[in-house]
Every structure is written in C-alpha cells, then in structure tokens.
Amino acid sequence: MSYRITTDCVNCWACEPLCPQQAVLAAKPHFTIDPARCTGCEGEFAEPQCASICPIEGAILDPTGVPVNPPGSLTGIPPSAWQQTRASIQAR
Amino acid sequence: MELKVVDSSGVREKIRNHPCFSKDAHHHYARMHVAVAPACNIQCHYCNRKYDCANESRPGVVSELLTPEQAVKKTLAVAAEIPQLSVLGIAGPGDPLANPERTFATFAALTEKAPDIRLCVSTNGLMLPPHVDELCQHNIDHVTITINCVDPTIGAQIYPWIFWEHRRIRGVKAAAILIEQQLKGLEMLAERGVLVKINSVLIPGVNDQHLAEVSRIVKDKGAFLHNIMPLIAEPEHGTFFGLMGQRSPSAEELKAVQQACANDMEIMSHCRQCRADAIGMLGQDRHDEFTLERIETLDIDHAAAMERRARVRAEIEAARAAKSQQPALVSLASLTSPKPAAEALPSVHAGQGKSAFAGASFRVAVASSDGQQIDQAFTEVEALRIYQVDNDTLRLIETRPVAVPALLPESGQDLPPVMDSGEGSAAATRVVAAMALVKDCDAVLCTRIGFGAWQQLEQASIRPLSVEAGTATKAALRQAHADWRAETEANIDATPRALSA
Ligand code: SF4
Ligand code: SF4
Ligand code: SF4
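If you look chain B up in an unreviewed UniProt entry, it shows as Nitrogenase cofactor biosynthesis protein NifB from Thiorhodovibrio frisius. In its Cofactor (unreviewed entry) section, the UniProt entry covering chain B states "[4Fe-4S] cluster". The Pathway (unreviewed entry) field of the UniProt record for chain B holds the comment "Cofactor biosynthesis; Fe-Mo cofactor biosynthesis."

In the nomenclature of an unreviewed UniProt entry, chain A is known as 4Fe-4S ferredoxin-type domain-containing protein of Thiorhodovibrio frisius.

Undergrad: Quick question: what am I supposed to make of the site of ligand 3 here?
TA: Close contacts around ligand 3 come from Cys-40, Ile-42, Gln-43, Cys-44, Cys-47, Arg-49, Cys-53, Ala-54, Asn-55, Gly-94 and Asn-124 of chain B, and that covers them all. Split by residue class, the shell around ligand 3 holds six nonpolar, four polar and one charged.

Undergrad: Explanation requested: the packing of aromatic side chains in the structure shown.
TA: What describes a pair of aromatic rings is the distance from one ring centre to the other and the angle between the planes of the rings. Residues and elements named next belong to chain B. Inspection of every chain in the model, using the stated rule, returns four aromatic pairs over all chains. Between Phe-104 and Phe-107 the ring centres are 6.4 Å apart and the planes differ by 70°, which places this aromatic pair in the edge-to-face class. One end of the pair, Phe-104, and the other, Phe-107, are both in helix H3 (residues 100-113), three residues apart, so they sit about a helical turn from each other. What makes Phe-104 buried here is its relative accessible area of 6%. Taking 6.1 Å as the distance between ring centres and 50° as the angle between the ring planes, the aromatic pair formed by Phe-240 and Phe-241 counts as tilted.

Undergrad: Sorry, what's going on with the nonpolar core here?
TA: Here is a general trend for soluble globular proteins: nonpolar side chains tend to be buried in one another's company. Membership of the largest hydrophobic core comes to 84 residues, with the highest contact counts inside it found for Tyr-46, Leu-88, Phe-107 and Ile-162 of chain B. Ranked by size, the runner-up nonpolar core spans 22 residues in total, among them Ala-51, Ile-53 and Ile-60 of chain A together with Trp-161 of chain B.

Undergrad: What should I look at first to understand the interface of chain A and chain B in this one?
TA: When the parts come together, some accessible area is lost, and that loss is often what is quoted as the size of the interface. Between chain A and chain B, the residue contacts involve 26 residues of the former and 28 residues of the latter. With both chains or domains summed, chain A and chain B bury close to 2,200 Å², and 60% of this area falls on carbon and sulfur atoms. Three residues stand out in chain A for area buried against chain B, namely Trp-13, Ile-89 and Arg-92 of chain A, and they jointly supply 28% of the buried area on that side. Taken together, chain A and chain B are joined by one salt bridge.

Undergrad: Could you clarify how one ought to interpret the sheet that holds strand S2 (residues 42-43) of chain B in this entry?
TA: To summarise the sheet geometry, strands pair through backbone hydrogen bonds and adopt either a parallel or an antiparallel arrangement. All names here are of chain B. The strand order across the open sheet formed by three strands is S2-S6-S7, and the pairing between neighbours is antiparallel. Unpaired on one side and paired on the other, S2 and strand S7 (167-170) mark the two borders of the sheet. Pairing between strand S6 (residues 161-164) and S7: four bridges, direction antiparallel. Paired with Ile-162 across the two strands is Ile-169, which belongs to S7. Contacting S2, S6 and S7, helix H6 (residues 171-191) runs over the sheet at an angle of about 105° to S7.

Undergrad: Can you walk me through the packing of helix H2 (residues 68-81) of chain B against H3 of chain B in this structure?
TA: Relative orientation and spacing of two packed helices are given, respectively, by the angle between their axes and the distance between those axes. Residue and element names in this part refer to chain B. Here H2 crosses H3 at 35°, and the two axes come no closer than 9 Å. The hand of the H2/H3 crossing is right-handed. Contacts between H2 and H3 involve Pro-68, Ala-71, Val-72, Thr-75 and Leu-76 from the former and Arg-102, Ala-105, Thr-106, Ala-109, Leu-110 and Lys-113 from the latter. For the contact of H2 with H3, a count of residues per class yields seven nonpolar, two polar and two charged.

Undergrad: What is the right way to read the site of ligand 2 from this model?
TA: The environment of ligand 2 is formed by 13 residues, the closest being Cys-9, Val-10, Cys-12, Cys-15 and Cys-54 of chain A. Considering only residue class, the shell around ligand 2 consists of 12 nonpolar, one polar and no charged.

Undergrad: Would you mind going over unusual backbone geometry with me for this structure?
TA: Outside of glycine, negative phi angles account for most residues, and trans bonds account for most peptide bonds. With omega at -5°, the peptide bond leading from Lys-28 of chain A into Pro-29 of chain A counts as cis. With respect to the element layout, Pro-29 of chain A can be found in the loop between strand S2 (24-25) and strand S3 (32-33). Its identity as a non-glycine residue notwithstanding, Trp-13 of chain A has a phi of 80°, on the positive side. In this fold, Trp-13 of chain A is placed in the loop between strand S1 (4-5) and S2. Although it is not a glycine, Glu-165 of chain B sits at a positive phi angle of roughly 50°. With relative accessibility at 60%, the residue Glu-165 of chain B sits in the exposed group.

Undergrad: So what exactly am I meant to see when it comes to the sheet that holds strand S11 (residues 362-366) of chain B here?
TA: Residues and elements named next belong to chain B. Across the sheet, five strands lie side by side as S14-S13-S11-S15-S16; this open sheet has mixed pairing. Edge positions in the open sheet fall to strand S14 (394-401) and strand S16 (463-466), since each of these has one partner strand only. Taking the axes of each pair of neighbouring strands and ignoring which way they run, one obtains an average angle of 25° across the sheet. Two elements, S11 and strand S13 (residues 383-389), share five bridges in a ladder whose sense is antiparallel. Bridge pairing links Val-366 to Arg-385 in S13.

Definitions and limits used
Residues numbered from 1 in each chain as written. Chains lettered and ligands numbered in written order. Predicted model: local features only at pLDDT ≥ 70, side-chain atom pairs only at ≥ 80, totals over all residues. Heavy atoms only, no water. UniProt positions renumbered as here; feature names shortened; annotations may be inferred. Near = heavy atom within 4 Å. Nonpolar A, V, L, I, M, F, W, Y, C, P; charged D, E, K, R; others polar. Phe/Tyr/Trp six-rings, centres within 6.5 Å; stacked < 30°, edge-to-face > 60°. Helix = DSSP H or I, 4+ residues; strand = E, 2+ residues; numbered from the N terminus. Buried < 20%, exposed > 50% of the residue type's maximum accessible area, 1.4 Å probe, protein only. Core = buried A, V, L, I, M, F, W, Y, C linked by side-chain atoms within 4.5 Å. Contact = heavy atoms within 4.5 Å. Buried area = accessible area lost by both parts, 1.4 Å probe. Salt bridge = Lys/Arg side-chain N within 4 Å of Asp/Glu carboxyl O. Pairing = 2+ DSSP bridges. Axes fitted to C-alpha atoms, helices over the stretch in contact; angles between N-to-C directions. Left-handed = near helix turned anticlockwise from the far one by under 90°.

See the structure below:
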C-alpha cells in the first residue's frame with residue numbers, strides 16, 4: 001500500500017531527502033514513489049514525511065487515492081473563501 | 001585629537017572584498033552562486049517552488065541544479081578564469097539548510113581546495129540553530145537570514161506552514177517557531193563573530209508598519225546589515241500573493257521603509273537579487289559561459305590559479321589604497337576651519353535657518369562608498385550620505401546622488417573613477433554638483449578636499465573636514481559633532497563676556 005505522486009508535482013525536491021525508505025525517486029517528468037519500498041512511514045513517523053512537506057495541494061495521494069493535502073489545506077484558505085480573500089488582499 | 005578608529009570587531013576587514021556587502025568592493029570583486037540546495041522546509045506566500053527561492057533571488061528564475069561535486073568543479077573552474085572571484089554563495093534554489101548534506105559537502109570541499117575563497121549562505125533560518133557550529137567550521141564569515149517579521153500574527157499572513165520535527169505545522173504557531181529559530185540563529189552567529197545580514201521582503205499592508213521594529217530587534221541581536229527588498233508578486237509567477245492580487249510596494253514606499261529602518265544601522269541599497277547561479281561582478285551575470293559541458297573539458301592548474309588570484313587581489317588592494325590614501329593621519333581639530341569670532345556666530349547660521357545652540361542637531365554630508373567608512377574625496381563621490389547628529393542619536397537621513405551629466409554613464413552604476421583632486425574641469429564640475437547638495441549641511445566629511453572646494457565650503461559656513469581614508473563613519477560623525485558642540489558652547493559662553501567687556 002503505497003503513497004503516490006501525481007502530475008501536479010513540480011519537482012521541488014522537498015520530499016526526496018526525507019523518505020526513510022528512499023522510496024522517492026527524482027524522476028522525469030515528475031517525481032515518483034517506488035511502491036515496493038514505500039511503507040507509508042508506518043512505524044517510523046506519525047505522518048507520511050513526503051506528504052507532510054510537499055508544497056503542492058493534490059500532488060500526493062494516500063494509498064486509497066485521496067489527496068493528503070486537498071485544495072485549501074496548504075494555503076489555509078478553502079476554495080469557497082478565495083473570492084473574499086482575494087478582495088481583502090487586493091485592498092492592501 | 002587624532003582620529004584613527006580601529007574597528008575592533010573586524011567587520012570592515014570581513015566585508016572589504018565582498019561585492020554584496022561593500023558597495024566599493026562590488027566594483028572590484030566577483031561572486032558566484034551555486035545552486036546545490038533544491039529542497040525547502042517552509043512556505044512563503046511570495047514563492048513558487050518551480051523557481052528559485054524568492055528570499056534571496058529574483059523570482060521566476062530557474063537555476064541549474066548541481067550536485068556538490070559539480071558545484072565544486074564549477075567553482076574551481078570559475079575561480080581559475082575570473083581571478084577576481086572572492087566569494088562563493090549558496091542561496092538555493094530552495095533553502096541551503098533544508099539540504100544540509102549537499103550544502104556542507106560543497107563547503108567542505110571548497111574549504112579544502114580553495115581556502116582563499118570565502119563562503120556565504122542565505123537561509124530562511126528555520127534550521128539555523130542546529131547548524132551554526134558546522135557552518136563556523138568552514139570559511140564562512142557571512143550569513144544572510146530572511147526575517148520578514150518578529151510578530152507571529154503577521155508571520156501567519158506570510159508563511160502558511162512550516163515543516164518542523166517531522167510534521168507540518170500551520171498558522172501562527174508555525175510562524176512563532178520560525179521566528180524563534182531565526183532570532184536564535186542570529187544570536188548564535190553574532191556570538192561567534194559571524195556577520196549576519198538580514199533580508200526583509202516589504203509586503204504592503206502586511207509588514208510595512210512592522211519592519212522598523214524588525215530592524216530594531218535584529219540590530220539589537222547583532223545583525224550588521226538590514227536589506228529591505230521589495231515584494232515582487234506578478235500574477236504570472238503563480239505565487240499565492242501574485243494570484244491573490246497582493247501589490248508590490250512603490251519606490252516611495254520602499255524608500256520610506258528603508259529610511260525608517262536606517263536608524264543607526266546600515267541599509268543596503270545595491271542588492272540586485274541575483275539568481276541562485278549568478279556568476280561575475282554584481283549586476284553582471286556570466287553563468288552562461290560556464291556550462292557543465294564546458295567545465296568538463298577544462299584542464300585547470302589549481303595551484304597556479306590560486307596564485308593568480310592572490311596576485312590579482314594584491315593589485316586590486318594596492319589600487320584601492322592608492323586611490324584613498326593622502327593625508328596619512330590627520331586630526332579633525334587641525335583641519336577644522338578656524339573658530340569663528342564670537343560676534344560672527346549668530347549670523348553664520350541664522351541665514352540658513354539652522355540653530356547654532358548646543359544640543360541642536362548637526363547635519364553632515366559624508367563621502368563614503370559603503371556607509372561604513374569614509375573613503376572618498378569630495379571630488380570623487382558618487383553620492384553623499386546626509387546624516388543628522390543630535391546629542392545621542394545619529395541618523396542617516398538620505399543619500400543624494402551627485403549628478404554630473406557629462407560623466408555619468410546611463411546606468412549610473414559603473415562610474416569611471418575620478419582621480420583628480422581639485423584641478424581639471426571634470427573635478428570642477430563635480431565640485432559644483434557636490435556643493436549644490438550640501439547647502440543645508442553644517443559640515444562635509446571626506447578623505448580629501450581640494451583647495452578651491454575648501455574655500456567655497458568655508459564661505460558657505462560649511463565645515464570641510466577631512467579624515468584618514470578608512471575612518472569609521474559613525475566614529476567620525478560623533479567626533480565631529482562633539483567638536484562642533486564644544487566650540488559652539490565655548491562661543492556662546494564667550495558672547496556675554498564679549499558684550500559686557
Ligand atoms: S510515505 Fe513515507 S515511506 Fe512512503 S514515500 Fe512518503 S516518505 Fe517515503
Ligand atoms: S514535495 Fe511534492 S511537489 Fe515537491 S517533489 Fe515531492 S511530490 Fe513533487
Ligand atoms: S524559503 Fe525560499 S524556497 Fe522556501 S518557500 Fe520561502 S521563498 Fe520559497
């Protein structure tokens with residue numbers, strides 16, 4: 001049961017050095033996770049390390065195929081509040 | 001009294017040939033950056049990870065990622081071809097200390113193979129405290145930390161999250177940890193004698209009112225330079241701020257904040273936000289000439305290259321010394337114009353709207369290329385720094401460029417040196433231009449003043465003060481103020497006696 005990287009990955013390298021299993025591969029066109037190696041960080045860390053540092057919402061999926069960092073989770077602003085946030089930021 | 005200030009902290013020595021820190025050095029020495037550090041452990045709202053770290057570099061630039069081995073090879077090749085190379089920096093493309101193995105492997109190899117090249121690093125500061133000791137083992141005497149705020153509630157508007165102790169932390173809590181680590185890292189470096197420059201990104205409506213406070217605190221904790229950079233947030237860069245319509249500061253806003261932060265600390269004004277793999281003199285980038293393919297083909301004699309660098313450096317230093325020499329050691333008192341007669345005093349200053357009474361502020365135009373030391377003659381200044389000195393405060397009010405139309409090239413950056421000391425039409429034009437800028441000043445501090453300019457200044461009741469080249473600006477200003485005050489007081493004391501006599 002492995003975590004997975006989607007085409008949203010921007011090849012930023014943040015996840016690669018953190019994986020305790022060296023399962024993250026700096027591949028092209030985007031980084032990948034070797035399913036044979038990934039343990040989900042089980043027994044090593046409370047949170048999957050790759051997904052805990054990834055800066056791109058939706059770039060890493062959990063073993064059930066659900067994004068670990070869904071839209072709005074990293075900016076702290078849910079999509080429903082974007083318009084309002086943009087208006088207040090533009091007013092600065 | 002003799003005014004020869006020896007800078008005990010050695011700051012001057014450390015920045016002397018660093019093009020990013022000394023404004024004068026950037027005309028002589030070259031720097032290069034190697035992009036060995038891709039990963040980052042925090043998120044800034046003005047960053048798009050597809051590009052270089054926006055804390056130090058221009059956004060929208062993708063630098064060529066190197067392995068430490070490639071970086072070392074490239075540095076040695078560049079140092080062989082550009083003997084003016086004095087500094088190697090790692091500034092990304094992510095955060096160097098989020099990539100400690102790669103960063104330190106590069107530093108370790110260069111400390112060994114090119115001990116004459118100084119190393120510097122720029123960081124967001126999150127992982128600074130645990131790495132301070134290892135940094136100090138290398139040839140490092142400068143570290144740049146980006147500190148945009150010291151208040152976590154402001155921080156939460158700039159950094160949505162950090163990666164800390166194997167977890168993602170968000171919001172105010174994340175900003176509080178980041179700020180704590182940054183300030184702790186700053187203090188630890190300062191204690192060890194490493195020079196720390198602070199970069200701050202000015203974000204209108206977020207930290208514009210707060211940066212003066214940042215400046216005060218970082219200075220208090222030992223930073224030696226505060227560099228305020230404008231936010232660059234174009235929508236096409238795809239950053240959170242860019243997409244949300246956060247505006248960049250206007251030139252006036254930037255200047256106002258830089259001035260608010262200038263209180264007793266030098267503000268850097270020549271930073272160009274270079275890319276993470278820039279090579280060459282500041283404002284110039286030769287990274288295209290040093291492709292990996294080409295470097296592979298080079299056969300370099302490293303010992304010969306190091307000797308050549310030593311020779312070139314000696315030549316540069318000799319030329320700089322010759323340019324700024326002349327009065328070997330001169331006391332301020334001996335150069336100060338004769339004490340004005342008691343009855344002449346009120347009229348001298350009254351006409352120009354300046355108070356001559358003790359404790360009133362004293363305005364001085366300073367000829368300094370980097371603000372740290374007085375190192376230029378009155379006829380060779382590119383810009384005069386205007387300081388206001390009160391009893392216990394010393395403030396840089398503004399920098400006035402000396403505009404000499406016939407001599408100034410387009411950019412105004414690479415002004416040809418004017419070696420003339422007073423004669424000749426070029427120098428004469430400069431004197432006229434410089435005189436116009438000091439009308440509201442009480443004194444001019446520089447290394448040399450030609451006879452004609454000296455007379456003109458005296459006629460305008462402005463004290464011409466020349467000091468040994470290299471004298472620390474602050475010390476000279478304090479001394480000049482003390483002398484002026486003592487004289488003014490003596491004259492005021494003398495006035496009633498003269499009247500009653
Ligand atoms: S979940 Fe853990 S083990 Fe799996 S790829 Fe990510 S970091 Fe590696
Ligand atoms: S951290 Fe995310 S965006 Fe960066 S390389 Fe890994 S998967 Fe891709
Ligand atoms: S520290 Fe630099 S690389 Fe990291 S998020 Fe901020 S700007 Fe981007």
